[in-house]
Amino acid sequence: GGGLAWSGAAAGGLVYRFDVLKYVPYALVELGGVAVGGGELTESAIDPVLEVGGGVDWLTSRDRSWGVEARVAGFAGDTMTYSLSLRRTMRWGFF
């Protein structure tokens, strides 16, 4: 047993933004997988994960915003994770 344990996750999905002037609420659904191995685990494993969440962005200018987002992720087993995050966004280009 012992040793270095590792994990990684990847997900892709859909985000729908309800664009309303200064405040931009959105909802998301993502499907992906999480891989774990090493440490006390006898073999590596990849399990599916489903993430749902939402948030709101506050537009401070045409190319800058900040926001808050909450997510719930459920794995194939009995593990669920919850996250709350803050972010700052800078946009450039034509889109």
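Going by the structure above, here's the rest.
Now for a look at the structure at hand. Given the structure is predicted, the values throughout are model-derived calculations rather than measurements.

Helix and strand counts for the chain come out as 0 helices and 5 strands. From first element to last, N terminus to C terminus, the chain shows the α and β order β-β-β-β-β. In terms of overall dimensions, the chain is more spread out than a globule: its C-alpha atoms have a radius of gyration of 17 Å, far above the 12 Å expected for 95 residues. Overall, the C-alpha framework of the chain stretches about 55 × 25 × 25 Å when taken along its three principal axes. For the chain, with 95 residues in total, the buried portion stands at 18%. Positive and negative side-chain charges in the chain, numbering 8 and 10 respectively, have mean positions lying 19 Å apart.

Before going further, it helps to examine the sheet that holds strand 1 (residues 5-17). Reading across the sheet, the 5 strands line up as 1-2-3-4-5 and stay open at both edges, with antiparallel pairing between neighbours. Sheet topology places strand 1 and strand 5 (80-90) at the edges, where each strand pairs with a single neighbour. Neighbour-to-neighbour, the strand axes of this sheet turn through a mean angle of 25°, independent of strand direction. With 12 bridges connecting them, strand 3 (residues 45-61) and strand 4 (residues 64-75) associate as antiparallel partners. Bridge pairing in strand 4 links L59 to S65.

Before going further, it helps to spend a moment on the pairing of strand 1. Burial of strand 1 is sparse: only 0 of the 13 residues sit out of reach of the surface. Note that strand 1 and strand 2 (residues 23-38) share 13 bridges and pair antiparallel. Opposite A9, over in strand 2, you have V34 as the bridge partner.

This paragraph deals with a nonpolar patch on the surface. Taken together, the side chains of V29, L31, L50 and V52 make up a nonpolar region of the molecular surface, amounting to roughly 350 Å² of accessible area. Elements that contribute at least two residues to the nonpolar patch include exactly strand 2 and strand 3. With respect to the helices, strands and loops of the structure, L50 is situated in strand 3.

The rules behind each value
- Residues numbered from 1 in each chain as written.
- Predicted model: local features only at pLDDT ≥ 70, side-chain atom pairs only at ≥ 80, totals over all residues.
- Heavy atoms only, no water.
- Helix = DSSP H or I, 4+ residues; strand = E, 2+ residues; numbered from the N terminus.
- Rg over C-alpha atoms; globule rule 2.2 N^0.38 Å.
- Buried < 20%, exposed > 50% of the residue type's maximum accessible area, 1.4 Å probe, protein only.
- Lys, Arg positive; Asp, Glu negative; His and termini not counted.
- Charge placed at Lys NZ, Arg CZ, Asp CG, Glu CD.
- Pairing = 2+ DSSP bridges.
- Axes fitted to C-alpha atoms, helices over the stretch in contact; angles between N-to-C directions.
- Patch = residues over 30% accessible without salt bridge, like charges linked within 9 Å, V, L, I, M, F, W, Y side chains within 5 Å.
- Areas by Shrake-Rupley, 256 points an atom, 1.4 Å probe, with all protein chains shown as cover.
- Salt bridge = Lys/Arg side-chain N within 4 Å of Asp/Glu carboxyl O.

No statement about biological role is implied by the geometric values presented.
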